[in-house]
Amino acid sequence: MIIGKVGLDSSAKLAFQSHAHTDHFVSGEVIYSTRATKFLSHLRKGGFYREIEFGKKFYIGDFKAKLYPAGHMLGSAGIKLWLENGTLFYTGDTKWFKLRTAEKSRFPRADFLIVEATFGVPSFTFPTPREAEKKLIAFVEEALERGRRPVLYVNQMGKAQEVMKILDLHGYTVKASREMLKVVRVYSKFGVRFGNISADGEVVLRSYRSPRVENSLSPWELTVSGFGRLKLSNHADFWELIRIVERINPEMVFTVYGFAEEFARILRGLGYDARPVSQDSVIEPVDMMTKT
Ligand SMILES: [Zn+2]
């Protein structure tokens, strides 16, 4: 989205990048992000980043702004902007519950909200991260007891490190891909350490992009994703999204990504002034006064 002249996970002269997943990459003369997002993005792309700390006021163009931890992966941030007609909060990809390798999310009050809706329908109801963790460990334990080597399919940035950390805490060694290990080095710089990486690890992590069909997986293979069999997600599920909207308590909501249409409809049913927007839409601050 472009707000005024500022890009929010959209390329613009001045652009905010919420986190380091490639579908949120932006280009611009200056890209505003956390230090961790800058380091992680630089594994895959260049660009001039201005590092912003959580909770510190700064200016992006004409707008006063502040970053809040989004809880989605290391360094992920939401941004609050002070517009002429009120405050706006953009969540980026976000999570209500605390993950082991991401900062605990925080959500400010705001008049206008742009919220992700990746899992914005009630059929996406996930276990809490701790419940999902128990299922993950039970799966790994059973495979190993039967003499099999468990294989977990994961996103190489964010999810892989979360799963590695969980396995580390439970005493299992992990064999990871080179790409995952590059990301691990950045996580370590920011104090998230892993003591269980081994070329001969008990558990194998593979990119979820590796060719496979979910229902053709062997009993000892598992996809770890909100869309997969083990729903340890670094996105808010439907109920987490509802909590986030309630916490921010906005007068007007824009929904983006995933089930944006459906989530806006549900929010309207709950009494919110809500409408879907596309990732590349341009929103003028003055439009935020308009009731749908
Ligand atoms: Zn993401």
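Described in the following lines is the structure provided in the data block. Keep in mind that what you see is a predicted model, and the values were worked out from it rather than measured. Along each chain, the written sequence defines residue order, and numbers are assigned to residues from 1. At least 70 in pLDDT is required for a residue's local features to be given in this predicted model, at least 80 for side-chain atom pairs to be given and counted, and no such filter applies to totals for whole chains, interfaces and linings, which use all residues. Processing note: side-chain calculations cover all non-hydrogen atoms of the structure and skip hydrogens and water entirely.

Quick look at the environment of Val151 now. Under the scheme used here, helices are H or I runs from DSSP no shorter than 4 residues and strands are E runs no shorter than 2 residues, and both carry numbers assigned from the N terminus. Position of Val151 among the secondary structure elements: in strand β11 (residues 151-154). Sequence-wise, Val151 and Arg50 are 101 residues apart; in three dimensions their C-alpha atoms are separated by 38 Å.

Our focus in this paragraph is the coordination of the zinc ion. Protein coordination of the zinc ion is provided by His19 (NE2), His21 (ND1), His72 (NE2) and Asp93 (OD), with donor distances spanning 2.2 to 2.3 Å. Atoms of type N, O and S within 2.8 Å of a metal are treated as its donors, and for Na, K and Ca the window is 3.2 Å; water is not considered, so some sites may appear to be missing partners. Any coordination sphere not matching a tetrahedral pattern (four donors, all angles between 85 and 135 degrees) or a square planar or octahedral pattern (four or six donors, opposite donors over 155 degrees apart, other angles between 65 and 115) is reported as irregular. Taken together, the four donor atoms surrounding the zinc ion define angles of 89 to 169 degrees at the centre, an arrangement classified as irregular. One chain supplies every donor to the zinc ion, and in sequence these donors are spaced H-x1-H-x50-H-x20-D. Separated by 53 residues along the polypeptide, His19 in the loop between β3 (14-16) and β4 (30-33) and His72 in the loop between β7 (63-69) and β8 (77-83) bring together distant segments of the chain. Across the pair, His72 and His19 agree in class, each one buried. Burial classes: relative accessible area under 20% of the type maximum marks a residue as buried, over 50% as exposed, and values in between as partly exposed (1.4 Å probe, protein chains only).

By the element assignment, Ser207 lies in strand β13 (residues 203-207). Only heavy atoms enter the contact rule, under which two residues are in contact if any of them lie within 4.5 Å. Excluding residues within four positions of it along the chain, Ser207 makes contact with Tyr153, Val154, Gln156 and Met180.

To continue, consider the pairing of strand β9 (residues 86-90). Across the five residues that make up β9, a large majority, five, are buried. Direction of pairing for β8 relative to β9: antiparallel, over a ladder of five bridges. Counterpart to Ile79 in the pairing with β9 is Tyr90. What sits between the antiparallel neighbours β8 and β9 is a turn of two residues. Strand pairing follows a simple DSSP-based rule, namely that at least 2 bridges must link the two strands. Pairing between β9 and strand β10 (residues 112-116): three bridges, direction parallel. Bridged to Phe89 within β10 is Leu113.

Everything listed is a geometric property; what it means functionally is a separate question.
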